[in-house]
Amino acid sequence: MSEHPPDGNNQILALSEVSEGSKVEIVAYRSNGRLAQRLAELGLTPGTLVWVLQCSKSQPLLVRVRGTRLAIDRNSAESLRVRQIYHPGQDQGQQSRWHKLGRR
């Protein structure tokens, strides 16, 4: 898949660059072959919404996708391109709402 160009506030980032507490939409893979197939099997397909629950540099990312928590290794997170829909600090009321949704 090809990357979408950044367009102002809808900048495209690697999932590994997103902060904890963010809500993102997957827009593309920067991979093909087995890794892309595995990401699709996990439900990480373009158009899917993902909540970043935990993001530590020394550990895999913990995300919530399609009602399931997944641990995603850094290599896989680097290959996923996402558009940030919500990021922490955007609006305190929204932050707690998304945080609660991601932790159910």
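Let me sum up the structure you'll find in this document. (Residues numbered from 1 in each chain as written. Predicted model: local features only at pLDDT ≥ 70, side-chain atom pairs only at ≥ 80, totals over all residues. Heavy atoms only, no water.)

This part takes up the nonpolar core. By size, the foremost hydrophobic cluster in this structure holds 19 residues, and its most contacted members are Leu-15, Leu-44, Val-50, Val-63, Ile-72 and Leu-80. Only strand 2 (23-29), helix 1 (34-41), strand 3 (49-54), strand 4 (61-65), strand 5 (68-72) and strand 6 (80-86) provide two or more residues apiece to this core. Sequence-distant contacts of Val-50, defined by excluding residues within four places in its chain, comprise Ser-22, Lys-23, Val-24, Ile-26, Leu-44, Val-63, Arg-64 and Val-65. (Core = buried A, V, L, I, M, F, W, Y, C linked by side-chain atoms within 4.5 Å. Buried < 20%, exposed > 50% of the residue type's maximum accessible area, 1.4 Å probe, protein only. Helix = DSSP H or I, 4+ residues; strand = E, 2+ residues; numbered from the N terminus. Contact = heavy atoms within 4.5 Å.)

This brings us to the pattern of salt bridges. In this structure the tally under the stated criterion is four salt bridges. The residue Glu-78 makes a salt bridge to Arg-81 at a minimum N-O spacing of 3.9 Å. According to the relative accessible area criterion, Arg-81 is buried, its value standing at 6%. (Salt bridge = Lys/Arg side-chain N within 4 Å of Asp/Glu carboxyl O.)

Moving on to the sheet that holds strand 2. Either a parallel or an antiparallel arrangement is found when strands of a sheet pair, and the pairing is made through backbone hydrogen bonds. One open sheet accounts for six strands, arranged 1-6-2-3-4-5; its pairing is antiparallel. One side of each edge strand has no neighbouring strand; the edge strands of this open sheet are strand 1 (12-14) and strand 5. Neighbour to neighbour, the strand axes of the sheet diverge by 45 degrees on average, direction disregarded. Bridge analysis of strand 2 against strand 6 gives six bridges, and the strand direction is antiparallel. Residue pairing for strand 6: Val-24 is matched across the bridge by Gln-84. (Pairing = 2+ DSSP bridges. Axes fitted to C-alpha atoms, helices over the stretch in contact; angles between N-to-C directions.)

Before going further, it helps to spend a moment on unusual backbone geometry. Here the phi dihedral of Arg-66 falls at roughly 50 degrees; this positive angle occurs in a residue that is not glycine. Within the element layout of this structure, Arg-66 appears in the loop between strand 4 and strand 5.

Note that every value here comes from positions in space, so none of it alone points to a role or purpose.
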